[in-house]
There are 2 protein chains.
Amino acid sequence: MSRSRQPRRQATLASIAAELKISRTTVSNAYNRPDQLSADLRDRVFEVAKRRGYAGPDPMARSLRTRKAGAVGVLLTEALSYSFRDPAAMAFLSGLSEACESAGQGLLLIPAGPGRADEEAAQVVHRASVDGFVVYSVPPGDPYLAAVLERHLPVVACDQPREIESAPVVGIDDRRAMRDLAAHLISLGHREIGMLCMRLGRDRHDGVVDVTDLGAEHFHVQRERILGVQDAMRQGGLDPAGLTVVERFTHTSDDGYSAAAQISAVAPRITALMCTTDVLALGALRWAQEAGLDVPGHLSITGFDGIDEALREGLTTVRQPQKDKGRRTGELLLAAPSHTGVPAVETLDTQLWFGKTSGPVESAEWYAE
Amino acid sequence: MSRSRQPRRQATLASIAAELKISRTTVSNAYNRPDQLSADLRDRVFEVAKRRGYAGPDPMARSLRTRKAGAVGVLLTEALSYSFRDPAAMAFLSGLSEACESAGQGLLLIPAGPGRADEEAAQVVHRASVDGFVVYSVPPGDPYLAAVLERHLPVVACDQPREIESAPVVGIDDRRAMRDLAAHLISLGHREIGMLCMRLGRDRHDGVVDVTDLGAEHFHVQRERILGVQDAMRQGGLDPAGLTVVERFTHTSDDGYSAAAQISAVAPRITALMCTTDVLALGALRWAQEAGLDVPGHLSITGFDGIDEALREGLTTVRQPQKDKGRRTGELLLAAPSHTGVPAVETLDTQLWFGKTSGPVESAEWYAE
DNA sequence: GTGAAAGCGCTAACAG
DNA sequence: CTGTTAGCGCTTTCAC
């Protein structure tokens with residue numbers, strides 16, 4: 001016997017009002033403007049509501065009427081199922097959720113996986129009941145992003161180039177941070193530098209990257225980090241074209257492992273392996289250990305992000321305030337839309353973090369003057 | 001000069017129809033039933049829509065009319081900002097999002113943080129535009145959970161006791177898994193066992209737990225895991241009351257570290273430290289290393305979950321299919337609500353995973369017969 | 001304090 | 001293929 005004897009038809013504001021022989025307005029007020037009716041009547045309303053299994057005004061009807069969804073849409077780079085395994089993305093969401101939580105706003109994750117035709121992708125976005133969007137590190141030309149822009153709702157981006165006109169952007173100076181880290185390594189005597197990066201473009205590619213052809217069609221962040229290293233090389237008198245970069249389409253520690261193995265075969269003389277993310281670096285570190293290499297004696301390895309595990313492992317990396325980025329992005333979105341003309345660009349600070357995986361080139365006397 | 005010259009008032013289905021001098025139905029059909037009008041007319045509709053910045057039928061109005069929100073609500077144990085740092089919760093979400101993604105459903109994370117009065121909490125849940133809820137490991141008596149139940153929408157729970165009447169539950173047999181792991185340790189000669197667990201109840205408590213008083217008001221999962229160890233002790237001829245358990249309210253690796261330090265002071269004779277989660281175990285491991293203990297020589301340490309990092313570290317643990325749990329939970333929710341009377345209870349398999357952090361008690365000859 | 005009226009923007013029969 | 005009709009359930013002036 002089912003205990004949950006539901007009414008045939010869910011109760012509505014009107015049916016509650018009818019039962020109490022009062023107007024719908026009054027019932028509505030009971031929920032939205034307690035001061036507009038007597039406490040006594042209000043209690044009677046709730047009592048009937050409870051008995052009829054009415055949990056308050058229907059959210060959808062309410063949203064339609066008030067033109068507020070009470071949620072912000074989040075567009076992430078990757079399929080959700082992957083994103084949840086990406087520590088950096090999670091730290092971002094953590095900060096974002098803080099902002100939303102304190103504003104009582106929900107977070108609607110857009111199911112923006114690959115393998116959806118453009119039209120379908122647009123539909124998924126067009127049908128999201130949200131008051132605005134947060135866009136996190138989405139590649140140029142992404143159909144979901146295009147659809148977001150079509151909604152004409154407030155948008156705030158993070159880790160995104162300024163391509164989104166009139167949308168505030170939160171981020172860091174990826175290029176400068178990476179340049180500084182590379183400059184440090186070069187000052188330590190490194191002359192042959194290798195890099196591991198995650199996917200640069202929308203299409204699958206695993207392997208060596210042509211560093212002389214890094215167009216804007218690439219993922220902004222990855223591209224900037226590579227350019228940063230090249231900046232440092234140039235400044236240090238090295239040939240930026242001599243940089244070897246190996247790309248992985250997916251982004252796991254295992255990818256870092258295999259990419260490290262690959263780059264060591266392709267460019268065996270490198271003494272420094274700079275990874276564009278900590279996840280890759282952690283995998284590379286594991287490879288180096290298993291390959292019997294001394295880190296940093298034989299090979300310096302660096303990361304980027306400053307995820308917990310990397311810090312615990314003592315990885316040399318760039319710490320970036322992921323959580324703050326998320327929080328700030330949320331705050332910007334939730335704040336009254338500033339019609340002050342030019343949208344904000346907020347660049348947060350990063351910090352070079354010297355762990356135990358980087359050091360001077362061993363037997364680097366050759367290079368000494 | 002602002003490039004986004006928005007129309008004073010957003011375009012609507014009706015205004016598009018008016019401009020084209022056709023009926024609203026036809027415009028609606030252009031979006032929802034392409035086969036109901038000529039391709040030519042459809043294109044004209046889209047053209048006008050594009051020019052007017054109309055991104056398709058308003059999601060809220062659409063939801064009201066169709067009585068479908070196109071999203072499932074997710075209620076997590078903790079504040080969102082914390083949950084995003086919990087690998088097990090993320091693996092669950094990852095699986096859940098897979099199910100939702102392939103059904104084109106969004107995931108609406110309910111901002112169910114602490115520090116909201118009960119009435120406010122109810123409101124947050126009552127106002128969520130969703131077609132159903134997923135409830136993940138929420139403590140008994142939680143006001144958000146109560147509010148979810150009041151909505152009379154489909155609900156599927158995971159890692160939850162059967163308290164939610166008429167809702168399917170997905171989970172594992174925590175108690176048996178832990179019993180088996182404990183039995184293994186006991187067979188290895190361990191007689192003094194300690195445990196580290198995460199929060200057992202809604203109130204803050206850090207420190208030693210009274211294991212003779214584990215009531216139903218506690219978190220289901222944590223409680224079951226402790227009871228499992230006690231089962232094994234009983235079976236092994238040990239006194240279950242002799243189990244020392246240290247609890248931590250928050251759940252980070254650092255908590256594991258400090259809890260391990262604490263238990264070693266309180267119960268210095270333990271030779272096995274069983275943690276109810278990998279996160280805690282990883283912290284305990286770190287403490288043991290820094291304390292100069294040999295693991296497993298001096299102390300065996302075990303975890304629970306099978307998160308990536310734990311497996312990489314070679315932790316002895318129980319692997320549970322977190323992602324599958326999420327996926328299955330989503331599938332159950334998205335499937336046509338089975339009115340077959342008794343709600344499903346799905347218990348997924350776990351696997352004992354023997355790493356290098358557990359072993360026989362050293363100099364255990366004393367115990368040999 | 002309470003109620004009547006007027007939609008929010010859309011979809012789903014159904015009839016042409 | 002296209003249009004007419006009838007609401008979905010609610011909030012919000014504005015009077016009473």
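Quick caveat, the model's predicted, so the values are computed rather than measured. (Residues numbered from 1 in each chain as written. Chains lettered and ligands numbered in written order. Predicted model: local features only at pLDDT ≥ 70, side-chain atom pairs only at ≥ 80, totals over all residues. Heavy atoms only, no water.)

A. Fine view of the confidence of the model for chain A. Mean pLDDT over chain A: 91, with 94% of residues reaching 70 or higher. Low pLDDT, under 50, characterises residues 364–369 of chain A; the predicted model gives this stretch 2 contacts beyond four residues in sequence or across chains. (pLDDT = per-residue confidence, 0-100. Contact = heavy atoms within 4.5 Å.)

B. Structural context of the protein's contact with DNA strand D. The local shell around DNA strand D holds 29 residues, among which A:Leu13, A:Arg24, A:Tyr54, A:Arg65 and B:Thr25 are the closest. In the interface set of DNA strand D, defined as its atoms within 4 Å of the protein, sugar plus phosphate atoms amount to 58%. Between DNA strand D and B:Arg24, the relevant distance is 3.2 Å, taken from a base nitrogen to a side-chain nitrogen or oxygen of the residue. Residue B:Thr26 places a side-chain N or O atom 3.1 Å away from a phosphate oxygen belonging to DNA strand D. For the surface near DNA strand D, the secondary structure elements donating two or more residues are α2 (24–32) and α4 (59–66) of chain A together with α2 (24–32) and α4 (59–66) of chain B. A class-by-class count of the residues in the surface near DNA strand D yields 8 nonpolar, 10 polar and 11 charged. (Near = heavy atom within 4 Å. Polar contact = N/O pair within 3.5 Å; in protein donor to acceptor, adjacent residues only side chain to side chain. Helix = DSSP H or I, 4+ residues; strand = E, 2+ residues; numbered from the N terminus. Nonpolar A, V, L, I, M, F, W, Y, C, P; charged D, E, K, R; others polar.)

C. Examining the UniProt feature "domain: HTH lacI-type" (unreviewed entry) in chain A more closely. Under the feature "domain: HTH lacI-type" (unreviewed entry), the UniProt entry names residues 11–66 of chain A. Structurally, residues 11–66 of chain A is divided into 70% helix and 0% strand, and its ends, taken at the C-alpha atoms, are 21 Å apart. (UniProt positions renumbered as here; feature names shortened; annotations may be inferred.)

D. Up close: the relation of the copies chain A and chain B. For the pair chain A and chain B, the best superposition has an RMSD of 0.1 Å and corresponds to a rotation of 180 degrees with a translation of 0.0 Å parallel to the axis. Viewed as a symmetry operation, the transformation between the two copies matches a two-fold axis. Nearest to the rotation axis, the C-alpha of A:Leu108 is located 2.1 Å from it, this being the minimum over chain A. Looking at chain A, 98% of its interface residues are interface residues in chain B too, so the copies touch through the same face. (Least-squares fit on C-alpha atoms with pLDDT ≥ 70 in both.)

E. Here's a closer look at the packing of aromatic side chains. Residues and elements named next belong to chain A. Under the counting rule described, the total for this entry stands at 6 aromatic pairs over all chains. The interplanar angle of 25 degrees and the centroid separation of 4.2 Å between the aromatic rings of Phe92 and Tyr136 together place this pair among those described as stacked. Here the residue Phe92 occupies a position in helix α6 (residues 87–102), and Tyr136 occupies one in strand β3 (residues 133–136), the gap between them amounting to 44 residues. For Tyr136, a relative accessible area of 7% puts it in the buried group. Taken together, the aromatic side chains of Tyr31, Phe46 and Tyr54 make up a single cluster linked through ring pairs. The ring of Phe304 carries Arg225 above its face, with NZ or CZ at 3.7 Å from the centroid. The side chain of Arg319 reaches across the aromatic face of Trp353, ending 4.6 Å from its centre. (Phe/Tyr/Trp six-rings, centres within 6.5 Å; stacked < 30°, edge-to-face > 60°. Buried < 20%, exposed > 50% of the residue type's maximum accessible area, 1.4 Å probe, protein only. Lys NZ or Arg CZ within 6 Å of the ring centre and 35° of its normal.)

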